[in-house]
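Geometric and topological summary
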Amino acid sequence: MVGAGPAGSAAALRARQLDPGCRVLLLDRAAFPRDKACGDGIAAHARQELALLGLPGLLDDHRPTPRLSVTSPGGAHVSAVVARPNHVVPRRVFDNRLVEAARARGVEVRRHRVRTLTTLGGHVVIDGHLVARAVVAADGANSAVRRLIGVPPSPDRHTAIAVRGYADVPPDDDEQVIVMQSEGWPAYAWSFPVGDGTANVGYGLLLPTLRQTGRPGREILHGRLARLLPLLGEIRSPVRDLRAHHLPLSSGRPVPGAGRVLLAGDAASLVNPLTGEGIYYALLSGRLAAEAAIGSPDDPLRAYRRGLRGALGRHLRTTDVLALAARSPGFIDAAITVAAHRTEVFDLLVDVGLGAGTVPPRLAAAVALRWLKNLT
Ligand SMILES: Cc1cc2nc3c(=O)[nH]c(=O)nc-3n(C[C@H](O)[C@H](O)[C@H](O)COP(=O)(O)OP(=O)(O)OC[C@H]3O[C@@H](n4cnc5c(N)ncnc54)[C@H](O)[C@@H]3O)c2cc1C
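Named according to an unreviewed UniProt entry, the chain is Geranylgeranyl reductase family protein originating from Microbispora catharanthi.

Membership of the largest hydrophobic core comes to 63 residues, with the highest contact counts inside it found for Met 1, Phe 94, Leu 98, Val 261, Leu 283 and Tyr 304. A total of ten residues in this core trace back to one element, the largest contributor, which is helix H7 (residues 279-295). Those residues in contact with Leu 283 that sit more than four places away from it in its chain are Pro 6, Ala 10, Ala 46, Glu 49, Leu 50, Leu 53, Phe 94 and Leu 98.

This part covers the packing of helix H9 (residues 329-341) against helix H11 (residues 361-375). At a closest axis distance of 8 Å, the pairing of H9 and H11 adopts a crossing angle of 120°. Classed by the angle they form, the pair H9 and H11 counts as oblique. Helix-helix and strand crossings are classified by hand; for H9 and H11 the assignment is right-handed. Between H9, through Gly 330, Phe 331, Ala 334, Ala 335, Thr 337 and Val 338, and H11, the contact on the second element is made entirely by Ala 366, Val 367, Arg 370, Trp 371 and Asn 374. The class makeup of the residues in the contact of H9 with H11 is seven nonpolar, three polar and one charged.

In this section: the site of the ligand. With respect to spatial proximity, 37 residues lie near the ligand, and among them Asp 28, Gly 39, Gly 41, Arg 91 and Asp 266 are the closest. Separating an oxygen atom of the ligand from a backbone N or O atom of Ala 7 is a distance of 2.9 Å. Between a nitrogen atom of the ligand and a main-chain N or O atom of Val 114, the distance comes to 2.9 Å. Mapped onto the shell around the ligand, the elements with two or more residues apiece are helix H1 (6-18), strand E12 (187-193), strand E14 (240-248) and H7. Residues belonging to the shell around the ligand are distributed by class as follows: 17 nonpolar, ten polar and ten charged. Taken domain by domain, the makeup of the shell around the ligand includes at least three residues from each of domain 1 (6-63 + 86-156 + 250-320) and domain 2 (157-248).

Another aspect to go through is the side chain of Asn 200. Counting through the fold element by element, Asn 200 comes out in strand E13 (residues 198-206). Asn 200 gets classed as buried once you look at its relative accessible area, which sits at 0%. Side-chain polar atoms of Asn 200 contact the backbone oxygen of Gly 39, separated by 3.3 Å. If near-sequence neighbours (up to four positions away) are discounted, Asn 200 is found in contact with Cys 38, Gly 39, Asp 40, Arg 164, Gly 165, Tyr 166, Trp 190, Ser 191, Phe 192 and Val 194.

With respect to topology, three strands assemble into an open sheet ordered E9-E16-E15, the strand pairing being mixed. Each end of this open sheet is capped by a strand with a single partner; those strands are strand E9 (135-137) and strand E15 (257-258). Here E15 pairs with strand E16 (residues 261-263) via two bridges, running antiparallel. Note that in E16 the partner of Ala 258 across the bridge is Val 261.

Here the focus is the packing of aromatic side chains. Going through the model one piece at a time under the given rule, you end up with four aromatic pairs. Ring centres 6.0 Å apart and planes at 65° place the aromatic pair Tyr 188 and Trp 190 in the edge-to-face group. The same class applies to Tyr 188 as to Trp 190, namely buried. Here Tyr 280 and Tyr 281 contribute two aromatic rings whose centre-to-centre distance is 5.0 Å and whose plane-to-plane angle is 70°, an arrangement assigned as edge-to-face. Given a relative accessible area of 7%, Tyr 280 falls into the buried group. Members of the aromatic cluster, each reached through a chain of ring pairs, are Tyr 188, Trp 190 and Phe 192.

Calculation rules
Residues numbered from 1 in each chain as written. Predicted model: local features only at pLDDT ≥ 70, side-chain atom pairs only at ≥ 80, totals over all residues. Heavy atoms only, no water. Core = buried A, V, L, I, M, F, W, Y, C linked by side-chain atoms within 4.5 Å. Buried < 20%, exposed > 50% of the residue type's maximum accessible area, 1.4 Å probe, protein only. Helix = DSSP H or I, 4+ residues; strand = E, 2+ residues; numbered from the N terminus. Contact = heavy atoms within 4.5 Å. Axes fitted to C-alpha atoms, helices over the stretch in contact; angles between N-to-C directions. Parallel < 35°, antiparallel > 145°, perpendicular 65-115°, else oblique. Left-handed = near helix turned anticlockwise from the far one by under 90°. Nonpolar A, V, L, I, M, F, W, Y, C, P; charged D, E, K, R; others polar. Near = heavy atom within 4 Å. Polar contact = N/O pair within 3.5 Å; in protein donor to acceptor, adjacent residues only side chain to side chain. Domains from an automatic or database assignment. Pairing = 2+ DSSP bridges. Phe/Tyr/Trp six-rings, centres within 6.5 Å; stacked < 30°, edge-to-face > 60°.

As structure tokens, this is what we get:
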């Protein structure tokens, strides 16, 4: 496995779960624990994946965040208790726990930056000396392995960029807040309380929109986050530890690999284009990649594509369409307005934005009707 984020660790854990005798090497250029620019929001759907990996209690010592508040670009607002609570766990903690769990399951974890990759018969050779039957490339948004196997990087129009930092909030803050912005739409700011008197706060937008400003990225991202802070609840300190990163959106997903190299997580561009959520998809795709590598050693890519299609095919087609519709901020205004009045629509939006949810035609019709009403 190349990359020890959620996708790589999930793949390593699953491989050893399916075949306790197999040799699994988990490579990462960073020493763990390491930070990763992220909102730290871990959806209930991701916890389901953790349970499948044999780690149901991994986050039990972290307080769940039961409420979610969303304000649309036009000011429609919903705040409600989510059907299954989410968690907010700093990635320095979360990713390290996954790596330690993999190590405890017999995975060899090694600090190593991958630079070259060649195929030799039925094997893949990394950096001239590491030989594997299959490689799960989980090396993130700027995946070197993806480039090495000839898969082009995520096109700019399907790439977002976001900055996150930490600030002090009241210790009892238990609501994840998302405030969408009509300026530079699609764009939003968030505050996700960790549960210890701090919150992860951030701001993100599409890469081409950032470029169009003609200003340095840092100036736009930091400036807009600072400006939007008063909308994000009771923030009691300046924001510290600001850090930005790209998000390759699933609306621009490529073929997920070549031969015996399978792309997972951000390396496969699996970030939800509506929300920027990627941890659930990283865990899921890492698990599926390992299942394909172990279960179909002769043609793992075929098995992996089948697995991804089965688990996410309908969802990804749904978010492809919704991402197009969401180019009109009025569509999101309508969806949030309907969600504010109907719990099942709110729950469904959460499932589509954070999990593998799809939209039943009846509910799509309700949102479309509201959208049309707003237009007239
Ligand atoms: C600001 C921001 C906020 C976000 N907020 C959320 C959120 O709240 N919830 C959510 O679910 N998602 C969020 N995301 C998306 C989420 O962070 C990613 O989808 C997720 O980290 C993907 O996991 P991964 O395992 O694919 O990659 P990563 O977590 O990026 O891990 C990749 C690993 O590969 C290693 N690596 C890279 N290159 C090499 C190399 N050549 N050799 C060896 N190792 C290498 C890196 O060191 C890294 O450890 C956010 C993203 C950003 C940028």
